[in-house]
There are 2 protein chains.
Amino acid sequence: MERLQARYELESPLELERAAEVIAGEQSCGTFMRLPGETDALRERSGARIEALTVTGTSSTPSLPCRKSSDTYTRGEVTLSWPLDNMGTSLTNVLATVAGNLFELAEVSALRLLDVTFPPAFAEAYAGPAFGVEGTRRLAGVEGRPMIGTIIKPSVGLSPEETAAMVSDLIDGGIDFIKDDELQGNGPHCPLQARVDAVMRVVNDRAQRVGRKAMVAFNITGEIDEMKRNADYVQAAGGTCVMVSLHSLGLAGLGAIRRHVSLPLHCHRNGWGLFSRSPDIGVSYVAWQKFWRLAGADHLHVNGLANKFSESDASVIASAKAVGTPLFGGDAPSFAAMPVFSSGQTAAQMAPTFAAVGTEDFLYCAGGGIMGHPGGTAAGVMSLRQAAEAAMAGIPIDDYARDHGELAAALSLFKDRR
Amino acid sequence: MERLQARYELESPLELERAAEVIAGEQSCGTFMRLPGETDALRERSGARIEALTVTGTSSTPSLPCRKSSDTYTRGEVTLSWPLDNMGTSLTNVLATVAGNLFELAEVSALRLLDVTFPPAFAEAYAGPAFGVEGTRRLAGVEGRPMIGTIIKPSVGLSPEETAAMVSDLIDGGIDFIKDDELQGNGPHCPLQARVDAVMRVVNDRAQRVGRKAMVAFNITGEIDEMKRNADYVQAAGGTCVMVSLHSLGLAGLGAIRRHVSLPLHCHRNGWGLFSRSPDIGVSYVAWQKFWRLAGADHLHVNGLANKFSESDASVIASAKAVGTPLFGGDAPSFAAMPVFSSGQTAAQMAPTFAAVGTEDFLYCAGGGIMGHPGGTAAGVMSLRQAAEAAMAGIPIDDYARDHGELAAALSLFKDRR
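Rules used throughout
Residues numbered from 1 in each chain as written. Chains lettered and ligands numbered in written order. Predicted model: local features only at pLDDT ≥ 70, side-chain atom pairs only at ≥ 80, totals over all residues. Heavy atoms only, no water. Least-squares fit on C-alpha atoms with pLDDT ≥ 70 in both. Contact = heavy atoms within 4.5 Å. Helix = DSSP H or I, 4+ residues; strand = E, 2+ residues; numbered from the N terminus. Buried area = accessible area lost by both parts, 1.4 Å probe. Salt bridge = Lys/Arg side-chain N within 4 Å of Asp/Glu carboxyl O. Polar contact = N/O pair within 3.5 Å; in protein donor to acceptor, adjacent residues only side chain to side chain. Nonpolar A, V, L, I, M, F, W, Y, C, P; charged D, E, K, R; others polar. pLDDT = per-residue confidence, 0-100. Pairing = 2+ DSSP bridges. Axes fitted to C-alpha atoms, helices over the stretch in contact; angles between N-to-C directions. Phe/Tyr/Trp six-rings, centres within 6.5 Å; stacked < 30°, edge-to-face > 60°. Buried < 20%, exposed > 50% of the residue type's maximum accessible area, 1.4 Å probe, protein only. Expected span 1.5 Å × (residues − 1).

## Section: the relation of the copies chain B and chain A
- Of the transformation placing chain B onto chain A, the axial shift is 0.0 Å and the rotation is 180°, giving an RMSD of 0.0 Å. Both chain copies can therefore be described as sitting about a two-fold axis. Judged by C-alpha distance, G250 of chain B is the residue of chain B that lies nearest the rotation axis, at 1.9 Å.
- Take the interface residues of chain B: 99% of them recur as interface residues in chain A, which is what a same-surface contact looks like.

## Examining the environment of A24 of chain A
All names here are of chain A.
- Structurally, A24 is set in helix α1 (residues 16-26).
- The spatial distance from the C-alpha of A24 to the C-alpha of V98 is 9.8 Å, given a sequence separation of 74 residues.
- With residues up to four places along the chain from it excluded, the contact list for A24 reads A48 and L80.

## Observations regarding the interface of chain B and chain A
- Tallying the contact residues gives 104 residues for chain B and 103 residues for chain A.
- Carbon and sulfur atoms make up 56% of the surface buried where chain B meets chain A, a total of about 7900 Å² over both sides.
- It is E104, L274 and R277 of chain B in chain B that bury the most area against chain A; as a group they hold 11% of the surface buried on that side.
- Here chain B and chain A share eight salt bridges between them.
- Here R67 of chain A ties to D313 of chain B by a salt bridge, and the two come within 4.0 Å at their closest N and O atoms.
- Linking chain B to chain A there are 40 residue pairs in polar contact (both at pLDDT 80 or more).
- Elements that contribute at least two residues to the side of chain B that touches chain A include exactly α2 (40-46), α3 (91-98), α8 (224-236), α9 (246-260), α10 (273-276), β10 (281-283) and α14 (368-371) of chain B.
- For the side of chain B that touches chain A, the element with the highest residue contribution is α9 of chain B, accounting for ten residues.
- Looking at side-chain class alone, the side of chain B that touches chain A contains 41 nonpolar, 45 polar and 18 charged residues.

## Describing the pattern of salt bridges
- Scanning all chains against the criterion turns up 51 salt bridges over all chains.
- If you follow the salt bridges from partner to partner, you end up with E9, E11, R75 and D280 of chain A in one network.

## Thoughts on the confidence of the model for chain A
- For chain A, the average pLDDT comes to 95, and 99% of its residues sit at 70 or higher.
- Interface confidence for the predicted complex, given as ipTM, is 0.96, next to a pTM of 0.97.

## What to know about the sheet that holds strand β11 (residues 299-301) of chain B
Residues and elements named next belong to chain B.
- Sheet architecture is closed into a barrel: eight strands sit in the order β5-β6-β7-β8-β9-β11-β12-β13, paired in parallel fashion. Shown here is a sheet whose adjacent strand axes are inclined to one another by a mean of 25°, direction ignored.
- In the sheet, strand β9 (residues 265-268) pairs with β11 via two bridges, with the strands oriented parallel. The residue bridging C267 from the neighbouring strand is L300, located in β11.
- The strands touched by helix α12 (residues 313-324) are β11 and β12 (338-341); relative to β12, the strand with the most contacts, the crossing angle is about 155°.

## Thoughts on the packing of aromatic side chains
- All chains considered together, the criterion is met by 23 aromatic pairs over all chains.
- Judged by centre distance (5.8 Å) and plane angle (55°), the rings of W288 of chain A and W292 of chain A are tilted. Of the two residues, W288 of chain A and W292 of chain A both sit in helix α11 (residues 285-295), four residues apart, roughly one turn of that helix. As far as burial versus exposure is concerned, W288 of chain A and W292 of chain A are alike and both buried.
- An aromatic cluster is defined as three or more aromatic residues linked by ring pairs; in this entry it consists of W272, F275, Y285, W288 and W292 of chain A together with W272, F275, Y285, W288 and W292 of chain B.

## Topic: helix α8 (residues 224-236) of chain A
- Taking 1.5 Å per residue, 13 residues should reach 18 Å; α8 of chain A reaches 18 Å between its end C-alpha atoms and fits that length.
- The set of residues buried in α8 of chain A consists of I224, E226, M227, K228, N230, A231 and V234 of chain A.
- Looking at the buried side of α8 of chain A, the elements it contacts are α7 (192-210), β7 (215-219), β8 (241-245) and α9 (246-260) of chain A together with α8 and α9 of chain B.
- Of the residues flanking the end of α8 of chain A, it is G238 of chain A, one or two places downstream, whose phi is positive at about 90°.

## Quick word on the environment of P13 of chain A
- Following the sequence through the fold, P13 of chain A ends up in the loop between β1 (3-12) and α1.
- Among all residues touching P13 of chain A, those that are not within four sequence positions of it are C66, K68, S69, S70, T72, Y73, A106, E107, V108 and S109 of chain A.

## Observations regarding the sheet that holds strand β2 (residues 49-59) of chain B
Residue and element names in this part refer to chain B.
- The strand order across the open sheet built from five strands is β2-β3-β1-β4-β10, with neighbouring strands paired in mixed fashion. Looking along the sheet, the strands with just one partner apiece sit at the ends: β2 and β10. This sheet shows a mean twist of 15° between the axes of neighbouring strands, independent of strand direction.
- Most of the contacts of α3 go to strand β1 (residues 3-12), to which it runs at about 30°, and overall it touches β1, β3 (73-83) and β4 (110-117).

## With respect to the side chain of K290 of chain A
All names here are of chain A.
- Mapping K290 onto the fold places it in helix α11.
- Within polar-contact distance, the side chain of K290 engages the side chain of D115 at 2.8 Å.
- In contact with K290, other than residues within four places in its own chain, are D115, V116, F118 and L327.

## Here's the deal with the environment of V357 of chain A
All names here are of chain A.
- Within the secondary structure layout, V357 lies in helix α13 (residues 350-357).
- Given the relative accessible area of 13%, V357 is considered buried.
- Taking the C-alpha atoms as reference points, V357 and P120, 237 residues apart in sequence, are found 27 Å from one another.
- With near-sequence residues (within four places) excluded, V357 lies in contact with I317, A320, K321, F341 and F362.

Structure below.
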């Protein structure tokens, strides 16, 4: 029988093997005491199994407050597996199994979900990204280089007409992709449909004139029926992308939108810090992004190098690579999503980003990094295009800047980002 | 203009006021640099405001790894407010605002969302629990005492017929409420509709004979359309409750089910440890449960006293009280949900639970605490009923146990839970 696997980093006041047994029991057919119905045959059929266990260290104090105490807290990694029959090919029920009632257990003083290995049956059960990299490039008309994007700034406060004026300026500046900020939803000061009307007038007009349509990700995050209506509205207006805040939608919510909408889903991870900030509790991006790709995420945010947050560059790069790594072996589709770099990004971080991910298949979003450019929006966009050209040609950025003024100005302004 | 408020506990390598300004900027109209469009008028109209700030202490090391460093890390509480016009009465967009891209900021070395105050407009925009305490009592036919519930155990592994046999035994034993375990969804070994068929045959048969229908919360957690179909299926079969795992549904998902289904929504918080386990990152239950009550949660899990997890009893009681506290003042409905005690619960914890919450309006779920009773299921249920009688009559439990054998046996078996 196919089994689902999950790998954890954990710390426990007990021996690790005992802690792993408690988790395996709690997350399958056991409880705090053995009950009459928990027969050996049932345990054999439905129990979770410990597949691997490695001790990596010990300490004399618990990393997190813990009801059970000990003289020694042991840290290590554990891999558990479950028969797929327990939950079926259901992402929502996999989540309850591998990331449910276990983080609170008194038998762990630290617990992070590091990875989940979905058996091949999930490749049949879920459709995954409908557009991914190829579909996004086709709609945006951008091939052979990173896509240059931006976020409407200020994030909130602009009216639909002010937003459209900014979009107009950005398209004239050569931008490939524009997104609403995740704070800009469907509030009274800038209602979504009025924003779509105003912005798409500009986008469609420019597309007719230059033959390439800038992709605008309208943030439709809201109630399910509202999102469906608004996605239809975006599509009817000629729009080519919608954006959602994943943690507000949940896996079930994203799945519903994926099945309704035939537009790329630009997926924002706001709230991610709750899962990633502590070394002692949480979920790794590697595990997290697999759920959302199966559910249909086309674009996934991965933060950016030298970002304004606390995440290390190594973690950002690992995330960007993760979203492009095939979920299954063999002939299954890759379920690859397009990584979105965003957060304090400027021309200065383009070359190291390109070098680290090893491909031009990414979306590089800069807000202040474009609109803060001293030469204006067009110069801001140009500085990023030039930075990408230099990176792809293998030319040192400072050399390329010598006869590319927009890049030179950006590197001078954003020198603290290098 | 109405404003939304959120209160945080935070620690920062900067002065707290500066850290609060960064959060306020990031979560409204600012970014890492001031941009041309960020006019004074726009900031006045759309900016977040610092409403209160208290320093509670300092330390020389950061509580969480932090990109910015300092000799001193200052801890305290900050209250921010936002104009409601920024996000409108949208729970999903409130979440992106108060619990979005802020936990990762390099300007904080700890950040917990402690509370959210929703302006009265949300009482108009959201319907909240459709059943709550009164509706649940009416459907279950239980008045004037705590409802006694249980979880089907083993959690997974039983067939539909085996589940129905257990339900039969539980109803004969006098149970008020039965729930699927959150691990039991719609997998091939116990498909939901087959389980509903088998279980509701028993439930309806007993209801006809004794005039009172036990409430069974079938775990319908899944994709949105699947959940709607399955909720309809439960209702058509005469069922009176459905269960969902909140973190798999998201706020948007719960809202969709709330609008579709006219059954109480039994809401499971599995995964809650991710938000609660660390004192340095997360969301308080007080803040978290407000979102779900607005979205329609009828029953909310609050763990239990002397539970098998790491949560303190004080925290459990605070949570139970929170779900019954009115969300708004004045004539607005209370949006109260029914608290569900669960996790290692037995007859031993009933009296202290009743004393601490100060009301009999709760659902008290025991798994091993019922099925592990040496006298069998009926004796297990009876021990909880007797414990509740003693608690409500103000009779010391050991006195009451003297001529109530089921209670005496339970107290003896579960003496470590007192």
